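Topology and contacts: notes
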Amino acid sequence: MTTAFSDYLKQHDYKNFDLKAVLFDMDGVLYDSMKWHAKSWKETMDEFNISSTSDEFYLYEGMVGRSTINHLMNRERKRDATPEETDAIYKRKTELFSEYNDGSLIPYAYDFVKQVHDDGFICAIVTGSGQPTLINKIETNFAGLFSKERMVTAFDVKHGKPHPEPYLMGLEKAGRLKPNQAIVIENAPRGVEAAVAAGIFTIAINTGPIPEKILADAGANIVLPSMEALYTNWSEYRKQLIAKAD
Ligand code: MG
């Protein structure tokens, strides 16, 4: 596992990590919400007579809603979605999601964030979500561990994941950090691509139905089966991330 860290340093021409912040994706990393997103998307698309499968929405995770809508519209209707269609579809999806989402956390998400916070690192959220319900819940479920000023949401960026903009803004909001001063925790291939494009060491945790290989192929430096595995491995990883070059 040590090689994942040294390979990154070599590839990016850094002498060492200098960890200051951990950037967390939200859906599927902190909250066990992806199953509700997928269900809401599928049912919305059915209502609008746009063909889709539940599982494909795990692949689009991290993209902003309008990009997902436009992708399906181009595939199924061979044209872009109009602004009115985009608004109507996204509104309905948001309604259904609010109805279904039970707000449950990914097991060990709280424990891991608390550990990282107690270790003295900044915890920040970088999400493609524009769901006000979830964003407000952060303050309840992770009291004192994240600050609103350090949160990047769908409202902050022009380009969603897989574009690097959200994670570049995450570095900026975490304190104008360089890529080797942060790591990213992601669960979605598009999110991994975004983090890797921003030049940040990326740990993927596979909390959904997609094969681990897709996360590795997206460029994740480490792929783990769960947040529990990350929590268990953290003390070893932390040694690598604060190690100074000799
Ligand atoms: Mg996610």
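Residues numbered from 1 in each chain as written. Predicted model: local features only at pLDDT ≥ 70, side-chain atom pairs only at ≥ 80, totals over all residues. Heavy atoms only, no water.

Overall, parallel pairing links the six strands, which are arranged E3-E2-E1-E4-E5-E6 in an open sheet. Pairing within the sheet leaves two strands with one partner each, and these edge strands are strand E3 (151-152) and strand E6 (222-224). Sheet analysis places strand E4 (residues 182-186) next to strand E5 (residues 201-205), joined by four bridges and oriented parallel. Residue pairing for E5: Val184 is matched across the bridge by Thr202. (Pairing = 2+ DSSP bridges. Helix = DSSP H or I, 4+ residues; strand = E, 2+ residues; numbered from the N terminus.)

Okay, the pairing of strand E2 (residues 122-126) next. Counting buried positions over the five residues of E2 gives four, a clear majority of the element. In this structure, strand E1 (residues 21-24) lies alongside E2, joined through four bridges in parallel fashion. Paired with Phe24 across the two strands is Ile125, which belongs to E2. The pairing of E2 with E3 spans two bridges and is classified as parallel. Bridging from a neighbouring strand, Val126 pairs with Val152 of E3. (Buried < 20%, exposed > 50% of the residue type's maximum accessible area, 1.4 Å probe, protein only.)

Attention now goes to the packing of aromatic side chains. Scanning the entire structure with this criterion turns up 19 aromatic pairs. Ring geometry for Tyr8 versus Tyr14: centroids 6.2 Å apart, planes at 20 degrees, classification stacked. The exposure class assigned to Tyr8 is buried, which follows from its relative accessible area of 1%. For Tyr14, a relative accessible area of 24% corresponds to the partly exposed category. Ring centres of Phe112 and Trp234 lie 5.3 Å apart, and the angle between their planes is 90 degrees; on these two criteria the pair is classed as edge-to-face. Of the two residues, Phe112 is situated in helix H6 (residues 109-118) and Trp234 in helix H11 (residues 227-242); the sequence distance between them amounts to 122 residues. Trp234 carries the same exposure label as Phe112, and that label is buried. By way of ring pairs, the aromatic residues Phe24, Tyr31, Tyr110, Phe112, Phe121, Phe142, Phe146 and Trp234 are connected into one cluster. Stacked on the ring of Tyr100, the Lys or Arg Lys39 has its end atom at 4.7 Å from the ring centre. Between Lys93 and the ring centre of Phe97, over which it is positioned, the NZ or CZ distance is 5.0 Å. (Phe/Tyr/Trp six-rings, centres within 6.5 Å; stacked < 30°, edge-to-face > 60°. Lys NZ or Arg CZ within 6 Å of the ring centre and 35° of its normal.)

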